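Chain by chain, the residues run as shown.
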There are 2 protein chains.
Amino acid sequence: MLNENFTWNRTTDVLVVGTGFAGLSAAIEARTHNVDVLVIEKMNSYGGNSIISDGGIAAPNTHLQKKYMIKDDAALMYQDMLTAGLGLNYPNLLKTLVANAENAFRWTIDELGVPYMDRVDLFGGHSVPRCYTPEGKSGATILKRMISKTESLDIPIEYRVSFQEFLVDAAGKVIGATVLENYDYKSHSGTISHIKVRKGIILATGGYGADVPFRQLQDPRLTSEISTTNKPFTTAEGLKAALKINAAAVQLSQIQLGAWSSPDEKGYGHGPLFADYILFQYGVIIDPKDTKRFVNELGDRKTTGDAILSIGHPCLGIADHHAVSQSGWDISKAIKKGVVNTFESLDHLATHYDLNLHDLKNTINTYNDYVSQGSDPDYGKQIVEDARPIVSPPFYAMRLWPKVHFTMGGLGITEKAQVLDYNGKIIEGLYAAGEVAGGVHGASRLGSCAITECIVFGRIAGQMVSSR
Amino acid sequence: MLNENFTWNRTTDVLVVGTGFAGLSAAIEARTHNVDVLVIEKMNSYGGNSIISDGGIAAPNTHLQKKYMIKDDAALMYQDMLTAGLGLNYPNLLKTLVANAENAFRWTIDELGVPYMDRVDLFGGHSVPRCYTPEGKSGATILKRMISKTESLDIPIEYRVSFQEFLVDAAGKVIGATVLENYDYKSHSGTISHIKVRKGIILATGGYGADVPFRQLQDPRLTSEISTTNKPFTTAEGLKAALKINAAAVQLSQIQLGAWSSPDEKGYGHGPLFADYILFQYGVIIDPKDTKRFVNELGDRKTTGDAILSIGHPCLGIADHHAVSQSGWDISKAIKKGVVNTFESLDHLATHYDLNLHDLKNTINTYNDYVSQGSDPDYGKQIVEDARPIVSPPFYAMRLWPKVHFTMGGLGITEKAQVLDYNGKIIEGLYAAGEVAGGVHGASRLGSCAITECIVFGRIAGQMVSSR
């Protein structure tokens, strides 16, 4: 690459690639440390996949946990993530994440002014409620404040600029990038430009959940027949560019299926709000073929997703009026779209889905006994404190079928967000944060830990690059 | 690499890197197709890890299965491997393997003259006995015949020649290699030489089980504290060289732990013969802390290995005289080394390992009932036909603790053994076979399927490269 004939079109201290949570956190942090930052984004607008997330962020030891008297600490969150990750998580990255999670959450409030709802949620695989959701229940709530911050810090964000390749010096240090300006996403064309960087490049380009050929190389099941919750532009160009300069890919075959997805809508959709926030806590999942439960509804994502996939057809989740009202969530969109259906009685529900009513009632009665006694001997589900037997109409039902949701693998990084090569050596001038990096979550990411990862490692990358 | 100043030191049609089962199969096949072949080996002698294997090879529909009236077919072997691989196996590679397995086995007999024992063994995860073991119960029996064949075909094998890097043309096609001749394994030094290839290079360099930094990048648990059954030279140089020219690494984090390893000896050792061929079929594995079984002893390797690792300390395997004599194996070496201990009674065994005798007898009595009734309701172990209750002294016991045994991940290849890049495109002139390739076994390799893989894909690579 050094032997190409080119001239630098421009120069900056730090180039940040991507405008999701990780990229913007990195840009803000770097700029705060008094270096010039340029942010590029291949699409027309900011946010990447972050903008379609629920915005839930996990952290231990927070003011909201204290308010609701929830006992938690970094060690417990570490253990929860390690258990879900089947021990494959990088210990140094996981330690860094849990140690900085509360501070990252606090930063979004104090520095960015993100408004959070006055609640703490429990997601599958977490031992205690430790997930905080911004007003509007949308990642956009956080992103808007990040964008405001970049404006107040005079950080330029250039849209329709697509990262193409790293330019490295003879020692292998990253000294610049080739990009396409005026990028046309559909034709993958644009005007070549070379950006020189004085301090380094922070890759925050996200995962490869929508990159069918790339994900299929690692998990051949994930053909184009399997849908994704990700935006269609969630592809691996940035990651592949790093692999071309021999950055180490770690754990690429660890790809997460969203267990709360509906086959009755495209993309992330509206169903997951019902499934992940209501159904899994308060309801049951049954196999429509035999009307029986087959999994811990509050298991980690890998367990639940694999279990649903392994039965070979969509399953059915059922909750009741108490669950929905207790949750406080408005699921009217999911109902309007027909993703969640409502029924005045279990008889109607059974008729609609062609279930054996007697078996259905047996399954629900058994589960209701477990709720009353506070423990589930069949699947070890944690019965949450405000759970009630499923008895109060209307009843809500949603079909579930996994979609590719998150890619745990990515570039190997140090706890300072420095990218590693296959010899475990640091590639100078290159940093990665967020989903493009691998190893934090091991075999499976717990819900609401992605935003924590993006902000923690995005900020670290911003601090590190500016200190060079 | 094209811009380096160098001259070609010599030229061959085909360069084969490695002298294990895959490399030698490839070399023989290519030479049989009338091309010039040069084989290089970094060590002083041939065989790599293949030479320390038991030599067991799996295939369906063989003459030995017919002789013993074992019903089997390619579809059943496919399903067994897919189940063990948790569905991550590449369907095209797996289909190729099972479709060519019997032919590969037959080739070792008809073309190489390998003598096999008159028996068919059942290994964990296989639905039926389909594993054939050469006389001497050693991979060396097969390798010696392969070496004889290379001699009769005038294929030169050069020792102490270490592969360093691929040389590619402007189009990315592999046209040669940089090697170190007179290679000194300890200092990693030698004389640089450049070998031009007219047709291509077949990489058959094996896995990365003994490459601690490389394997730890993918699975951070596998520090230098975790031992390996592999030879210490089982490192990733060849694989890393391919990654440098942007070959695709697939499923690198899928690393298999040998469940039949002893913490009381180094390397592969003598314990696995007892554990894998006798104990798992006829005996029980217990946790010495509570003297209870905790896993299906005939489960696939991943299940058994992960289960042992997850209890956090070595477990204990127990079998009896009937098991050992029924198996027909000579385990005197394991006994002499103290890896397997013998006891005149369960009382003595319990005293030696500090077990509660009453609990031990309970566990074994319960298991014996399962053997008598032909099914194991606790862990679903398949009770083999010639299994008997564990009652006949002497009793044999061995401690078990996993070691890194096999690396399922490696280079992405087509069913023609052509290496893929991250865009799923074929890298011209580059082939890979055996453990250096990934995707055949998915999340877990079943016992005795590695040699099948090496011979099937080695031969295919040899055929393909010579047809170019």
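Residues numbered from 1 in each chain as written. Chains lettered and ligands numbered in written order. Predicted model: local features only at pLDDT ≥ 70, side-chain atom pairs only at ≥ 80, totals over all residues. Heavy atoms only, no water.

Brief notes about the overall build of chain A
To keep things clear, this is the line we draw: The helix and strand labels rest on DSSP assignments: H or I over at least four residues marks a helix, E over at least two residues marks a strand, and numbering proceeds from the N terminus. The reference for a compact globule is 2.2 Å times residues^0.38; the radius of gyration itself is calculated from the C-alpha atoms. Burial classes: relative accessible area under 20% of the type maximum marks a residue as buried, over 50% as exposed, and values in between as partly exposed (1.4 Å probe, protein chains only).
Scanning chain A from terminus to terminus reveals 14 helices and 19 strands. Rg of the C-alpha trace for chain A: 23 Å, near the compact-globule value of 23 Å for 468 residues, within the 12% margin. Counting only C-alpha atoms, chain A reaches 75 × 45 × 40 Å along its principal axes. Classification of the 468 residues of chain A by burial places 62% in the buried group.

Observations concerning the environment of Ile142 of chain B
Residues and elements named next belong to chain B. What counts is decided by this rule: In this description, contact between two residues means that some pair of their heavy atoms is separated by no more than 4.5 Å.
Take Ile142: it is sitting in helix 5 (residues 139–152). Taking the C-alpha atoms as reference, Ile142 lies 8.3 Å from Pro115; in sequence the two are 27 residues apart. Excluding residues within four positions of it along the chain, Ile142 makes contact with Phe21, Gly55, Val114, Tyr116, Pro134 and Ile451.

Observations concerning the sheet that holds strand 14 (residues 340–343) of chain B
All names here are of chain B. Inclusion rule: By definition, two strands form a pair when at least two bridges between them are found by DSSP.
Spatial ordering of the open sheet is given by 12-11-13-15-14, a layout of 5 strands whose pairing is antiparallel. In this open sheet, the two edge strands, each paired with only one partner strand, are strand 12 (292–293) and strand 14. Pairing analysis gives 6 bridges linking strand 13 (residues 315–320) to strand 15 (residues 395–400), with the strands arranged antiparallel. Each bridged residue has a counterpart across the sheet, and for Ala319 the counterpart in strand 15 is Tyr396.

Quick word on the relation of the copies chain B and chain A
Two chain copies here: they are related by a rotation about an axis and a translation along the same axis. Basically, it comes down to this: Least-squares superposition of the copies uses the C-alpha atoms of those residues scoring a pLDDT of at least 70 in each of them.
For these two chains of identical sequence, chain B goes onto chain A by a turn of 180° and a shift of 0.1 Å along the axis, with RMSD 0.1 Å. Here the symmetry operator amounts to a two-fold rotation axis. Taken as a fraction of all interface residues of chain B, those also at the interface in chain A reach 100%, which identifies the copy contact as same-surface.

Observations concerning helix 14 (residues 449–466) of chain A
Test applied: Expected helix span is given by 1.5 Å per residue-to-residue step, counting one fewer step than there are residues.
The first and last C-alpha atoms of helix 14 of chain A sit 26 Å apart over 18 residues, in line with the 26 Å expected at 1.5 Å per residue. Of all 18 residues in helix 14 of chain A, 17 are buried, a share of seventy percent or more.

Looking at the side chain of Asp80 of chain A
Residue position: Asp80 of chain A is located in helix 3 (residues 74–84). Discounting chain neighbours no more than four positions away, the residues touching Asp80 of chain A are Gly125, His126, Ser127, Arg130 and Leu446 of chain A.

Thoughts on the pairing of strand 7 (residues 174–184) of chain B
Residue and element names in this part refer to chain B. When strand 6 (residues 162–168) meets strand 7, the two strands line up antiparallel, connected through 6 bridges. Bridge pairing in strand 7 links Phe166 to Ala177. Counting the residues between successive antiparallel strands, the hairpin from strand 6 to strand 7 contains 5 residues, one of them, Gly172, with a positive phi of roughly 90°. Hairpin connection, strand 7 to strand 8 (residues 189–203): the antiparallel pair is bridged by 4 residues, and His188 has positive phi, about 55°.

Comments concerning the nonpolar core
Applicable threshold: Here, nonpolar core means buried Ala, Val, Leu, Ile, Met, Phe, Trp, Tyr and Cys residues that are tied together by side-chain atoms lying within 4.5 Å of each other.
Ranked by internal contacts, the top residues of the largest apolar core, which has 312 residues, are Leu349 of chain A together with Leu349 of chain B. When sequence neighbours within four positions are dropped, the list of residues in contact with Leu349 of chain A reads Leu316, Ile318, Phe343, Leu355, Leu360, Phe395 and Ala397 of chain A.

Looking at the pattern of salt bridges
This is how the line gets drawn: Any Lys or Arg side-chain nitrogen located within 4 Å of an Asp or Glu carboxyl oxygen qualifies as a salt bridge.
Considering all chains together, one arrives at 42 salt bridges over all chains under this definition. We note a salt bridge from Arg459 of chain B to Glu29 of chain B, for which the minimum N-O separation is 2.9 Å. Here Arg459 of chain B is found in helix 14 (residues 449–466), whereas its partner Glu29 of chain B is found in helix 1 (residues 21–32), with 430 residues between them in sequence. Across this residue pair, the class does not change: Arg459 of chain B and Glu29 of chain B are buried. Here Asp121 of chain B makes a salt bridge to Arg119 of chain B, at a shortest N to O gap of 2.8 Å. When salt bridges with common partners are traced through the structure, they connect Arg293, Glu297, Asp376 and Lys381 of chain A into a single cluster.

Description of the state of the cysteines
By definition, a disulfide links the sulfur atoms of two cysteine residues through a covalent bond. We apply this condition: In plain terms, two cysteine sulfur atoms within 2.5 Å form what is called a disulfide here.
Going through the model one piece at a time under the given rule, you end up with 0 disulfides over all chains. Summary of cysteine pairing: Cys454 of chain B is not part of a disulfide, and the nearest cysteine sulfur, belonging to Cys449 of chain B, is at 11 Å.

Quick word on the sheet that holds strand 13 (residues 315–320) of chain A
All names here are of chain A. Here 5 strands make up an open sheet; going across it, the order is 12-11-13-15-14 and the pairing antiparallel. In the strand order of this sheet, the two ends are held by strand 12 (292–293) and strand 14 (340–343), each with one partner. Looking at chain direction, strand 11 (residues 284–287) and strand 13 are connected through 3 bridges and run antiparallel. The residue of strand 13 that forms the bridge with Ile286 is Leu316.

Regarding the side chain of Thr141 of chain B
Residue and element names in this part refer to chain B. Put simply, the rule is: Counting of polar contacts relies on pairs of N or O atoms within 3.5 Å, with two restrictions inside protein: one atom must be capable of donating a hydrogen and the other of accepting it, and residues adjacent in sequence are counted only when both atoms are side-chain atoms.
Within the element layout of this structure, Thr141 appears in helix 5. Within the structure, the side chain of Thr141 is placed 2.5 Å from the backbone oxygen of Glu135, a separation counted as a polar contact. Setting aside anything within four residues of it in sequence, one finds Thr141 in contact with Val114, Pro115, Pro134, Glu135 and Gly136.

Overview of the interface of chain B and chain A
Short version of the rule: A simple way to read buried area is as the amount of 1.4 Å-probe accessible surface that goes missing from two parts once joined, with both sides added.
Between chain B and chain A, the residue contacts involve 29 residues of the former and 29 residues of the latter. When chain B packs against chain A, the two sides together hide about 2200 Å² of surface, and 54% of this comes from carbon and sulfur. On the chain B side of the contact with chain A, Leu217, Pro220 and Tyr422 of chain B bury the most area, a combined 29% of that side's loss. The interface formed by chain B and chain A includes 0 salt bridges.

So, the packing of helix 3 (residues 74–84) of chain B against helix 4 (residues 91–110) of chain B
Residue and element names in this part refer to chain B. Keep this limit in mind: Note on geometry: axes are C-alpha line fits, over the in-contact stretch for helices, and angles between N-to-C directions span 0 to 180 degrees. Here is the rule for angles: anything less than 35 degrees is roughly parallel, anything more than 145 is roughly antiparallel, 65 through 115 is roughly perpendicular, and the remaining ranges are oblique. In this scheme the crossing of two helices becomes right-handed for a clockwise turn of the near helix relative to the far one and left-handed for an anticlockwise turn of less than a right angle.
Where helix 3 contacts helix 4, the two axes come as close as 9 Å, and the packing angle between them is 135°. Taken together, helix 3 and helix 4 sit at an angle that is classed as oblique. The element helix 3 and its partner helix 4 pack so that their crossing is right-handed. Contacts from Ala74, Met77, Tyr78, Met81 and Leu82 of helix 3 reach helix 4 at Pro91, Leu94, Lys95, Leu97 and Val98.

Looking at the domain arrangement of chain A
Residue and element names in this part refer to chain A. Our working rule: An automatic or database domain assignment supplies the start and end points of every domain. Ten residue types, Ala, Val, Leu, Ile, Met, Phe, Trp, Tyr, Cys and Pro, are classed as nonpolar, four, Asp, Glu, Lys and Arg, as charged, and the remainder, Gly among them, as polar.
Domain boundaries assigned for chain A yield domain 1 (10–209 + 407–466) and domain 2 (260–401). Using only C-alpha atoms to locate each centre, domain 1 and domain 2 end up separated by 33 Å. With 20 residues of domain 1 in contact, the opposing surface of domain 2 contributes 15 residues. Between domain 1 and domain 2, roughly 1400 Å² of surface is buried when both sides are summed, and carbon and sulfur atoms account for 55% of that area. When the buried area of domain 1 at its contact with domain 2 is split by residue, Leu122, Phe123 and Lys137 rank highest and sum to 33% of it. The tally of links between domain 1 and domain 2 comes to 0 salt bridges. The interface formed by domain 1 and domain 2 holds 4 residue pairs in polar contact (both at pLDDT 80 or more) in total. Taken together, the residues of the side of domain 1 that touches domain 2 sort by class into 8 nonpolar, 7 polar and 5 charged.

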